[in-house]
Amino acid sequence: MSDEPAVRVTGLAKCFGDLKVLCGIDLSVATGEVVCVIGPSGSGKSTLLRCVNLLEEPDEGSVVVGGVDLTHEDSDIDAARRKIGMVFQSFNLFAHLTVLNNLTVAQRKVLGRDRAEANRVALANLEKVGLLEKANAMPAQLSGGQQQRVAIARALSMGPEVMLFDEPTSALDPELVGDVLEVMRDLADEGMTMLVVTHEMHFAREVADRVLFMDGGVVVEEGPAEQVIGAPEHERTRTFLARVLDPIHRVE
Amino acid sequence: MAMSKRKRARIVRAVQYAVLVVVVVVVAVAADWGRVANAFFDLDVAGGMFPEVITVALVNTLIYTGLGFGFGLVLGLVVALMRLSSVRAYRWIAGAYVEFFRGLPALLVILAIGSGIPLAFPGTILDRYVSIMIALGIVGSAYMAETIRAGIQAVPKGQVEAARSLGMSQSKAMVWIVIPQAFKIILPPLTNELILLTKDSSLVLFLGSSQVQYELTQFGRTELNQSRSLTPVLVAGICYLIITIPLSYLSRYLERRTGGTKIRSAEATEVAQPEEATK
Ligand SMILES: Nc1ncnc2c1ncn2[C@@H]1O[C@H](COP(=O)(O)OP(=O)(O)O)[C@@H](O)[C@H]1O
Ligand SMILES: [Mg+2]
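The shown structure was predicted, so the numbers you read here are calculated from the model rather than taken from an experiment.

### Section: the site of ligand 1
Residues and elements named next belong to chain A.
Next up, step 1: Around ligand 1 sit Phe16, Leu19, Val21, Pro40, Ser41, Gly42, Ser43, Gly44, Lys45, Ser46 and Thr47, and those are all the residues in its vicinity.
Next up, step 2: Take glycine 44: an N or O atom from its main chain is 3.1 Å from an oxygen atom of ligand 1.
Next up, step 3: At a separation of 2.7 Å, an oxygen atom of ligand 1 approaches a polar side-chain atom of serine 46.
Next up, step 4: For ligand 1, whose unbound accessible area comes to 560 Å², protein coverage reaches 66%.
Next up, step 5: Mapped onto the shell around ligand 1, the elements with two or more residues apiece are β2 (19–29) and α1 (45–52).
Next up, step 6: Considered class by class, the residues forming the shell around ligand 1 number 4 nonpolar, 6 polar and 1 charged.

Printed below as a string of structure tokens:
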């Protein structure tokens, strides 16, 4: 294999009207690497992630995933997205479909798999996230943590090469966070390439190969987890970490 | 002026009841009830209408309404999708279509379309049933298009984003994810539009037809002319209620089951969406 990374973002810029949200982001994720993105609310983390699978169209810069330049005007964006799984903060399970059909609908309509094949893949992934017995439930009957695990299984059923996670545990009750993180940790152990926006510092420390701290639309600091979280160089990083790690006793 | 709110409400209600009683008494005394009873409750005339009032007239009303509703639904969906299109010309055409057909009396549309089609395509398969289907369908479609559009816009944006992130194209996401959820939301208002169309199907009597094609209103009117009694009007009316009242209950049941999601304007739904940026 070449040393081309799974994801390479270069000079990415994005504005919403007058608001400059991303101001030249460079980022790469090697195959099999887990990169966590941390940073204060409104710093552009979600927008960055959404630019990686072009849910938002970048104003400037390029996004290359699996060697395909998604920002090139001739690129087939639907084909590229099949290889990029995305997990949203608000789960976004299809409300009118059972859990099983949530996992099979795109396999059948996009990949053209027949029902038997799609079911087989779906059930294997449901088992992986520990929710085989919920195959015939409706999303509304599940807890938030279960819904998010189904959403992960749904993305995995397309056989992605990269997984994007946008604060996957932020909308969950605290006692449900652990199950979701465990699924993500297993995924990382299997060698999945992952780009994860998160506020779970323990997870970042234990699972991430690299951590990026973003603020004001730029990457302020990046490096191994123990360095960025354990011994940050920049004042902004330190202030942010102090607030996240000890929200009640604010430093200063 | 020191009158408590509750006391004032009681006085207002007493006045309302008094007015109601006066009106009822005046009508009851002034009207000639014997003649009304003779005209509307002639059992011989009523009996003479059976079984045709059911086997022909009621059935035709159901057929015309069903054809019109089906065609109107398809047309309404197309117009709604055009209104939401990113192509400006489509949006403009669909907007003009809705304004045009909502602004005209149903009778004029039915007369123009129902008589116009046979003139334009003489001797073709576009026979009476097809003309009626198209005419009634167009009458219903302008309203249904607006309902369907509101339903589509009420489906949270995250549903489309999830579908797109799985590699679905815009149109696949629309067909497999958005439209099924939109229709679930708009089932109650669509049922109401079916009631309206059931009543509007009476207007096809102005297109002229042979006896086997009579629907309820024309059947009643013909019987009225022959029997010189108003009983057929009453019988036809009851037949309409047999259709519309269960539909009305169905609509209310569906509304309760879907948690009473009310679709009014597209703007109201924007607020209801889960907002990520606020986290
Ligand atoms: N679709 C949008 N339209 C306008 N502004 C947006 C949109 N999406 C995000 N923003 C703004 O961009 C900024 C960054 O948002 P976001 O990427 O969600 O930050 P984060 O995920 O780090 O909290 C915020 O100020 C947000 O209000
Ligand atoms: Mg965010």
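### Here we look at the interface of chain A and chain B
Next up, step 1: Contacts between the two partners involve 28 residues from chain A and, on the opposite side, 20 residues from chain B.
Next up, step 2: Between chain A and chain B, roughly 2100 Å² of surface is buried when both sides are summed, and carbon and sulfur atoms account for 56% of that area.
Next up, step 3: Of all residues in chain A, the largest losses of buried area upon contact with chain B belong to A:Phe94, A:His96 and A:Lys109, amounting jointly to 27% of the total for that side.
Next up, step 4: Our enumeration of links across chain A and chain B arrives at 2 salt bridges.

### Overview of the UniProt feature "transmembrane region" (unreviewed entry) in chain B
Next up, step 1: Under the local residue numbering, the UniProt record ascribes the feature "transmembrane region" (unreviewed entry) to residues 54–82, 103–123, 129–152, 173–191 and 233–254 of chain B.
Next up, step 2: Helix makes up 100% of residues 54–82 of chain B and strand makes up 0%, while its end C-alpha atoms are separated by 40 Å.

### Points about a nonpolar patch on the surface
All names here are of chain B.
Next up, step 1: Taken together, the side chains of Met3, Ile11, Val15, Val19, Val23, Val27, Trp33 and Val36 present a nonpolar region at the surface, about 700 Å² in accessible area.
Next up, step 2: Among the secondary structure elements, those contributing two or more residues to the nonpolar patch are α1 (5–30) and α2 (33–40).
Next up, step 3: With 5 residues, α1 is the single largest residue contributor to the nonpolar patch.
Next up, step 4: When its relative accessible area of 42% is taken as the criterion, isoleucine 11 is described as partly exposed.

### Re a positive patch on the surface
Residues and elements named next belong to chain B.
Next up, step 1: Judged by side-chain charge, Arg6, Lys7, Arg10 and Arg13 come together as a positively charged surface patch.
Next up, step 2: You can see arginine 6 is positioned in helix α1.
Next up, step 3: For arginine 6, a relative accessible area of 68% translates into the label exposed.

### Comments concerning the pattern of salt bridges
A side chain of one charge can pair with a side chain of the opposite charge when the charged atoms of the two come close.
Next up, step 1: Under the definition given, this model contains 16 salt bridges over all chains.
Next up, step 2: In this structure, the salt-bridge partner of B:Arg164 is A:Asp78, at a minimum N-O distance of 3.4 Å. Here B:Arg164, found in helix α8 (residues 157–165), pairs with A:Asp78, found in helix α2 (residues 77–81), and the two come from separate chains.
Next up, step 3: Note that A:Arg120 is salt-bridged to A:Glu117, the shortest N-O span being 3.3 Å. With a gap of 3 residues between them, A:Arg120 and A:Glu117 both fall in helix α4 (residues 115–128), about one helical turn apart.
Next up, step 4: Since its relative accessible area comes to 51%, A:Arg120 is described here as exposed.
Next up, step 5: Of the residues examined, A:Glu117 reaches a relative accessible area of 30% and is grouped as partly exposed.
Next up, step 6: Connected through shared salt-bridge partners, A:Glu33, A:Arg210 and A:Glu222 make up one network.

### Concerning the sheet that holds strand β1 (residues 7–16) of chain A
Residue and element names in this part refer to chain A.
Next up, step 1: On the basis of which strands lie adjacent, the open sheet formed by 4 strands has the order β2-β1-β4-β5 and antiparallel pairing. The sheet is open, and its two borders are formed by β2 and β5 (68–69), each paired with just one other strand.
Next up, step 2: One ladder, built from 5 bridges, connects β1 with strand β4 (residues 60–65); its direction is antiparallel. Each bridged residue has a counterpart across the sheet, and for threonine 10 the counterpart in β4 is serine 62.

What counts, and where the lines are drawn
- Residues numbered from 1 in each chain as written.
- Chains lettered and ligands numbered in written order.
- Predicted model: local features only at pLDDT ≥ 70, side-chain atom pairs only at ≥ 80, totals over all residues.
- Heavy atoms only, no water.
- Near = heavy atom within 4 Å.
- Polar contact = N/O pair within 3.5 Å; in protein donor to acceptor, adjacent residues only side chain to side chain.
- Areas by Shrake-Rupley, 256 points an atom, 1.4 Å probe, with all protein chains shown as cover.
- Helix = DSSP H or I, 4+ residues; strand = E, 2+ residues; numbered from the N terminus.
- Nonpolar A, V, L, I, M, F, W, Y, C, P; charged D, E, K, R; others polar.
- Contact = heavy atoms within 4.5 Å.
- Buried area = accessible area lost by both parts, 1.4 Å probe.
- Salt bridge = Lys/Arg side-chain N within 4 Å of Asp/Glu carboxyl O.
- UniProt positions renumbered as here; feature names shortened; annotations may be inferred.
- Patch = residues over 30% accessible without salt bridge, like charges linked within 9 Å, V, L, I, M, F, W, Y side chains within 5 Å.
- Buried < 20%, exposed > 50% of the residue type's maximum accessible area, 1.4 Å probe, protein only.
- Lys, Arg positive; Asp, Glu negative; His and termini not counted.
- Charge placed at Lys NZ, Arg CZ, Asp CG, Glu CD.
- Pairing = 2+ DSSP bridges.

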